[in-house]
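Report on the structure
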Amino acid sequence: MLTAVQQLMSSLCILWFRLILIALVKRERPLESVNLYIGNVANHDSMISSGLCYRHQSGHSTLTNLYYFFDAQRGQQKIYDKLMVSIHTPFSELPIEQLLAPVVQKIPAWPA
């Protein structure tokens, strides 16, 4: 069952999509680009899903994003580990405080 906030967000997304679709059908605006998300449903632990995003624009497709969604309460170590292998810097290690937004850092049990 969806929460009230989830229902509102879902309704807003559907409304936005309908407005864009109407504008395209009426040719009030051109379709400049399309972002295509291809996802995988995770079936383990704290990972919820992952996937790829491609942008199709001017007849060409470009990989624009790789994404991972984790359960923030159960998957802190996996999120931290993914950050450590995904970020390439000249530094050997970065403190977690420099990698995460303050609101995310407030979730209990982040690794030290």
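The model shown is predicted, which means the values in this text are computed figures rather than measured ones.

Section: the overall build of the protein chain
Helix and strand content of the protein chain: four helices and three strands. Along the chain direction, N to C, the helices and strands of the protein chain fall in the order α-β-β-β-α-α-α. Looking at the protein chain as a whole, 17% of its 112 residues are labelled buried. Here the analysis covers contacts within the protein chain between residues at least 6 apart in sequence; of these, 24% occur between residues at least 24 apart. Per element, the accessible surface of the protein chain, about 9200 Å² overall, is 60% carbon and sulfur.

Observations concerning the layout of surface pockets
One number sums up the size of the largest pocket: a volume of about 310 Å³. Every residue lining the largest pocket is listed: Trp-16, Phe-17, Ile-20, Leu-21, Leu-24, Arg-29, Pro-30, Leu-31, Glu-32, Ser-33, Val-34 and Asn-35. When contributions to the lining of the largest pocket are tallied by element, the ones reaching two or more residues are helix H1 (4-25) and strand S1 (33-41). Residue contributions to the lining of the largest pocket peak at five residues, all from H1. Class assignment for the residues of the lining of the largest pocket results in eight nonpolar, two polar and two charged.

Observations concerning unusual backbone geometry
Although it is not a glycine, Ser-58 adopts a positive phi angle of roughly 55 degrees. Here Ser-58 is to be found in the loop between strand S2 (47-57) and strand S3 (60-70).

Quick look at the environment of Tyr-80
Summarising the element assignment, Tyr-80 is placed in helix H2 (residues 76-86). Under the relative-accessibility criterion, Tyr-80 is labelled buried at 12%. Each C-alpha atom of the pair Tyr-80 and Leu-100 lies 9.4 Å from the other, and the pair is 20 residues apart in sequence.

Things to note about the environment of Arg-55
Relative to the assigned elements, Arg-55 resides in strand S2. It is 8.8 Å that separates the C-alpha atoms of Arg-55 and Tyr-37, two residues lying 18 residues apart in sequence. Other than its neighbours up to four places away in sequence, Arg-55 contacts Ser-33, Val-34, Asn-35, His-60, Ser-61, Thr-62 and Thr-64. Within the local environment of Arg-55, its side chain forms a polar contact with the side chain of Asn-35, the two groups lying 3.1 Å apart.

Focus on the confidence of the model for the protein chain
Averaged over every residue, the pLDDT of the protein chain is 76; residues scoring 70 or more account for 82%. For the protein chain, the element scoring lowest by mean pLDDT is helix H3 (residues 96-99), at 73; S3 scores highest, at 85.

Quick notes on the side chain of Ser-50
Looking at the element boundaries, Ser-50 is found in strand S2. The contacts of Ser-50, once residues within four sequence positions are left out, are Ile-38, Gly-39, Asn-40, Tyr-67 and Tyr-68.

A look at H2
Buried residues of H2: Gln-76, Ile-79 and Tyr-80, and no others. What you see down the axis of H2 is that its buried residues fit within an arc of 100 degrees, all on one side. The elements touched by buried residues of H2 are S3 and H3.

Rules of the game
- Residue positions are counted from 1 within each chain, in the order its sequence is given.
- Reporting in this predicted model follows two pLDDT cut-offs: at least 70 for local features of residues, and 80 or more for side-chain atom pairs to be given and counted; totals over whole chains, interfaces and linings ignore these cut-offs and use all residues.
- Values shown for side chains rest on all heavy atoms present in the structure; no hydrogens or waters enter the calculation.
- Secondary structure elements follow DSSP: runs of H or I of four or more residues count as helices, runs of E of two or more count as strands, with numbering from the N terminus.
- Relative accessibility thresholds used throughout: buried, under 20% of the residue-type maximum; exposed, over 50%; partly exposed, between the two (1.4 Å probe, protein chains only).
- Contacts are residue-level and defined by heavy atoms, with any inter-residue pair within 4.5 Å sufficient.
- For every accessible area listed, the method is Shrake-Rupley and the probe measures 1.4 Å; residues are considered covered only by the protein chains on display.
- A 1.4 Å probe that fits but cannot get out identifies a cavity on a 1 Å grid over protein atoms alone, an open set with protein on both sides within 12 Å along at least five of seven lines counts as a pocket, and a residue lines either if it has an atom within 4 Å of a point.
- Grid points are joined across faces, edges and corners, and a volume is the space filled by probe spheres set on the points.
- Ten residue types, Ala, Val, Leu, Ile, Met, Phe, Trp, Tyr, Cys and Pro, are classed as nonpolar, four, Asp, Glu, Lys and Arg, as charged, and the remainder, Gly among them, as polar.
- As used in this structure description, the phrase polar contact means that two N or O atoms lie within 3.5 Å; if the pair is within protein, one of them must be able to donate a hydrogen and the other to accept it, and residues adjacent in sequence are counted only when both atoms belong to side chains.
- For every residue, the pLDDT score states the predictor's confidence, bounded by 0 at the bottom and 100 at the top.
- Regarding the arc, it is the one traced by the directions from the helix axis to the C-beta atoms.

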